[in-house]
2 protein chains.
Amino acid sequence: MSAAQGLWYDELSPGQSWLSPQAPVDEASVIGFATQWDPQPFHIDPAAAKQTLFGGLSGSGLQTLMISYRLYYDTAVLNGTALAGLGFDEVRFLKPMRPGDVLQVRTAVKSMRPTSKPDRGMVVLRLETFNQREQIFSMDLLALVSRRPPAS
Amino acid sequence: MSAAQGLWYDELSPGQSWLSPQAPVDEASVIGFATQWDPQPFHIDPAAAKQTLFGGLSGSGLQTLMISYRLYYDTAVLNGTALAGLGFDEVRFLKPMRPGDVLQVRTAVKSMRPTSKPDRGMVVLRLETFNQREQIFSMDLLALVSRRPPAS
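Definitions and cut-offs
Residues numbered from 1 in each chain as written. Chains lettered and ligands numbered in written order. Predicted model: local features only at pLDDT ≥ 70, side-chain atom pairs only at ≥ 80, totals over all residues. Heavy atoms only, no water. Helix = DSSP H or I, 4+ residues; strand = E, 2+ residues; numbered from the N terminus. Buried < 20%, exposed > 50% of the residue type's maximum accessible area, 1.4 Å probe, protein only. Areas by Shrake-Rupley, 256 points an atom, 1.4 Å probe, with all protein chains shown as cover. Lys, Arg positive; Asp, Glu negative; His and termini not counted. Charge placed at Lys NZ, Arg CZ, Asp CG, Glu CD. Contact = heavy atoms within 4.5 Å. Buried area = accessible area lost by both parts, 1.4 Å probe. Salt bridge = Lys/Arg side-chain N within 4 Å of Asp/Glu carboxyl O. Nonpolar A, V, L, I, M, F, W, Y, C, P; charged D, E, K, R; others polar. Pairing = 2+ DSSP bridges.

## With respect to the overall build of chain A
- A tally of regular secondary structure across chain A gives 4 helices and 5 strands.
- In chain A, the succession of helices and strands from N to C terminus is β-α-α-α-α-β-β-β-β.
- Its C-alpha atoms give chain A principal-axis dimensions of roughly 60 × 25 × 25 Å.
- Counting only residues that meet the buried cut, chain A has 51% of its 152 residues in that class.
- Split by element, the accessible area of chain A, about 6700 Å² in all, is 53% carbon and sulfur.
- Side-chain charges of chain A comprise 14 positive and 14 negative groups, with the mean position of each set lying 5 Å from the other.

Here's what the structure looks like:
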C-alpha cells in the first residue's frame, strides 16, 4: 500500500484539488510502451514520425492516460476508500506528449452524489495533466467511494 | 507494421463493424499490469480481493481498456490511415475482467464528419469488449482519418 489513508466520501467537496508528484518521460519509455500497446509509426519510429502530423516522435495517448492515472493514484486522494472505478468521460489528448516531458497531474473534485446504497457515493474527479509548458491531457474519472464507517 | 492497409475516410460509413482477434487474460498478467499501473488490493492480492466489492481478483479497468485498444488496433481498421487519436468518450467498465477471461472486441463506426481540412475527417468508433459470457467494457474512440490521396 502506498502513502496515507485517502479521503472518505464525507470528506470530499466539489472544488477541492491536489497536485501529484512528477514523472519524467524519455524516448525509450515512449517507444517501449507503444511497441506493446499502440505501435503506430509516430510512436515508435523517430524517422518516420517526422513525416506525420506530429512532426516527430510522440507518446501514445494511451501512455499519457496511464501515466496520468498513475500520478493521480500516487496522489493518494482515494487511497483505500475507492471501492471501484466506473469509467472515464471526456478523455482528451490535447497536445502530444514528447520525450523529455515531465508530467504532473492536478486532480479536482468535479461533482459528487449519493447512490442508492448508504455506505458509498459517486464521485467525478477531473484530472488535468501538464508538461513543463502547457496542459496536454484531461479526463473525468468516475469512482464509487466509501463513506466513513460508523464508529464501532 | 501489422496486417493490411486500413480504410480511408471515404471507405467508412456508420454501422460498419468488425470483430477483433481474441486475447486471453491470466492471473499473472492481471497482477503484473496492476502492480505497475493501478496497485489496488482487488487487482493485486487474491486474498484481500475476496473482502472487496469484487469478491475476488479483478483486472484493473485500465488493463481492460489497454487490451481492448490493442485488439482494436490488431483489427487494423485504420491501419496507416489514422492520423491521430483525439480522445475517448463514455469509457465504461461494465463488468470486472477476471483471470481466465478471453477478450474480443467489436469495433463499429458510430459517426463521422468532415473537418475544415479537405484531406481528413473525424470518425467516432464504438468499441465493445466481450469475455466468453457477456460484454464487460465499452468506449468511443475519436480519430482523425485520412481521405484517400488523389491519384498522382
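Once you've had a look at it, read on.
## Regarding the interface of chain B and chain A
- Every contact between the two is made by 34 residues of chain B and, on the other side, 34 residues of chain A.
- For the pairing of chain B and chain A, the buried interface totals around 3100 Å² over both sides, and the portion due to carbon and sulfur atoms is 66%.
- For the interface between chain B and chain A, the tally reads 2 salt bridges.
- Among the salt bridges present, the one from arginine 92 of chain B reaches aspartate 89 of chain A, with a minimum N-O distance of 3.1 Å.
- Counting only elements with at least two residues in the side of chain B that touches chain A, the list comes to α1 (27-37), α2 (41-44), α4 (61-75), β2 (82-93) and β5 (135-146) of chain B.
- For the side of chain B that touches chain A, the element with the highest residue contribution is β2 of chain B, accounting for 12 residues.
- Looking at the side of chain B that touches chain A, its residues break down into 23 nonpolar, 5 polar and 6 charged.
- Alignment of strand β2 (residues 82-93) of chain A against β2 of chain B, held across 4 bridges, turns out to be antiparallel.

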